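These are the residues of each chain, in order.
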Amino acid sequence: MSSLTERKARLIVHGDRPYNAEPPLDRLRASFRTPAEDFYVRSHGDLPDLDEATWRLSVDGGTGPALELSLSELRTRFPEATVTATMQCAGNRRADMRAVAPVSGDPWDAGAIGTADWTGVRLGDVLRAAGVAEDEGLHVAFESHDTMDGHPYGASIPLAKAMAPETLLAYAMNGEALLPEHGFPVRAVVPGFAGVRSPKWLRRLTVQDHPSDNPIQAGDYKLYPADVTAETADPAKGHTIDTMPLNAAICEPGSGAVLMSGSNRVRGYAVSGDRAVVRVDVSGNGGRSWVQAELEHEADAPFAWTFWSTSLDLPAGEHELSVRAWDEAGQTQPALPDDTWNHKGYLCACWHRVRVNVT
């Protein structure tokens, strides 16, 4: 296994403490399943140093006795499950919003996303073992070993999503134990939701009648209108980010690429939180005309991204390549980052644009 230092050298590092990094887009597009060493890393504090032999997960809030599970007990007591799912940071493509006006947070390009085979046990099975019955008014609060501003990282999801068969307590990624930066020994995987709702380095689960009051849940990861500033933002009025929007990105060619005139291959990804991507349009002239791309998706992986590719006939000169996706409800993406700009830089889902030079 490579060292953390070697893995960092493969990525575009936005911060070392906390460690945040994304892969180059051409390498992201190289494989439908993103290798762990090329998977984006989003941390809010230092990476915990945990020992799987002493790690325990506490589960409480059900009608039965509270559980305390070791990794071995988690593996042997509950059926194993594998789900192919895309994970995406709510700040993915924030760099496009920064081009409109200043925003807070790391300047993610379109690489704060990845897809993996996640293996673990279904969260619903663990909750039922703790005596939890489905109730629309309940929430599952996660608490982790990493800390932020002196508080353990915490977030929550509605119980209905926690009980859904795709939601896991995962201990493996693409058939291998989780790397430290990806949540070893156990993390949550909540397909279709923003990555913030899939906490790493889990220590406790609590079923309760309200969302987590942890600052991550109660104060951060809120979507605000464009006229709200950091000074005027009221978390009680912000929209809590769960399901991710329809999005698409060009991974090849990269921004500033020099191409030969004639037919050029253009490739990328498209993703939608809980709907299928049914069409991807690609333009070689900034959106004045479009061609439909070929789509590649796995039928048994509804929570995974869609790969797309097409060829564009490009004459000599400078060109703005653009992409937009459509979902099964007939919805598409806004044209400009101005349309959804917010001071946090969340949920940038406008057309992705790449400028290239053709000789």
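Quick look at the structure, then. (Residues numbered from 1 in each chain as written. Predicted model: local features only at pLDDT ≥ 70, side-chain atom pairs only at ≥ 80, totals over all residues. Heavy atoms only, no water.)

## Focus: the side chain of aspartate 281
Here's step 1: Here aspartate 281 shows up in strand E18 (residues 277–283).
Here's step 2: Only 3.0 Å separates the side chain of aspartate 281 from the side chain of arginine 279, close enough to count as a polar contact.
Here's step 3: With near-sequence residues (within four places) excluded, aspartate 281 lies in contact with Trp290, Val291, Gln292, Ser322, Val323, Arg324 and Trp326. (Helix = DSSP H or I, 4+ residues; strand = E, 2+ residues; numbered from the N terminus. Polar contact = N/O pair within 3.5 Å; in protein donor to acceptor, adjacent residues only side chain to side chain. Contact = heavy atoms within 4.5 Å.)

## Here we look at the packing of aromatic side chains
Here's step 1: Enumeration according to the criterion identifies 8 aromatic pairs in this entry.
Here's step 2: Their ring planes at 85 degrees and their centres at 5.7 Å tell us that phenylalanine 39 and tryptophan 118 sit as a pair that is edge-to-face. Of the two residues, phenylalanine 39 is situated in the loop between helix H2 (25–28) and strand E3 (56–60) and tryptophan 118 in strand E6 (residues 113–122); the sequence distance between them amounts to 79 residues.
Here's step 3: Between tryptophan 305 and phenylalanine 307, the aromatic rings sit 5.1 Å apart at their centres with planes inclined by 45 degrees, giving tilted as the arrangement. Pair check on accessibility: tryptophan 305 and phenylalanine 307 agree, each one buried.
Here's step 4: An aromatic cluster of at least three residues, connected via ring pairs, comprises Phe32, Tyr269, Trp305 and Phe307.
Here's step 5: Stacked on the ring of tyrosine 19, the Lys or Arg lysine 8 has its end atom at 4.6 Å from the ring centre.
Here's step 6: In this structure, arginine 75 is placed above the aromatic ring of tyrosine 171, and the distance from its NZ or CZ to the ring centre is 4.1 Å. (Phe/Tyr/Trp six-rings, centres within 6.5 Å; stacked < 30°, edge-to-face > 60°. Buried < 20%, exposed > 50% of the residue type's maximum accessible area, 1.4 Å probe, protein only. Lys NZ or Arg CZ within 6 Å of the ring centre and 35° of its normal.)

## Points about the side chain of histidine 343
Here's step 1: Structurally, histidine 343 can be placed in the loop between strand E22 (317–327) and strand E23 (352–358).
Here's step 2: What makes histidine 343 buried here is its relative accessible area of 10%.
Here's step 3: Polar contacts involving the side chain of histidine 343 include one to the main-chain carbonyl oxygen of valine 228, which spans 3.3 Å.
Here's step 4: When neighbours within four sequence positions are excluded, histidine 343 is seen to be in contact with Val103, Ser104, Tyr224, Val228, Thr229, Ala230 and Ala233.

## Some remarks on the sheet that holds strand E17 (residues 262–271)
Here's step 1: Pairing within the open sheet is antiparallel, and its 4 strands lie in the order E15-E17-E21-E20. Of all strands in the sheet, those with a lone pairing partner are strand E15 (247–252) and strand E20 (294–296), marking the two edges. Taking the axes of each pair of neighbouring strands and ignoring which way they run, one obtains an average angle of 30 degrees across the sheet.
Here's step 2: Pairing of E15 with E17, which is carried by 5 bridges, proceeds in the antiparallel orientation. Opposite alanine 248, over in E17, you have alanine 270 as the bridge partner. (Pairing = 2+ DSSP bridges. Axes fitted to C-alpha atoms, helices over the stretch in contact; angles between N-to-C directions.)

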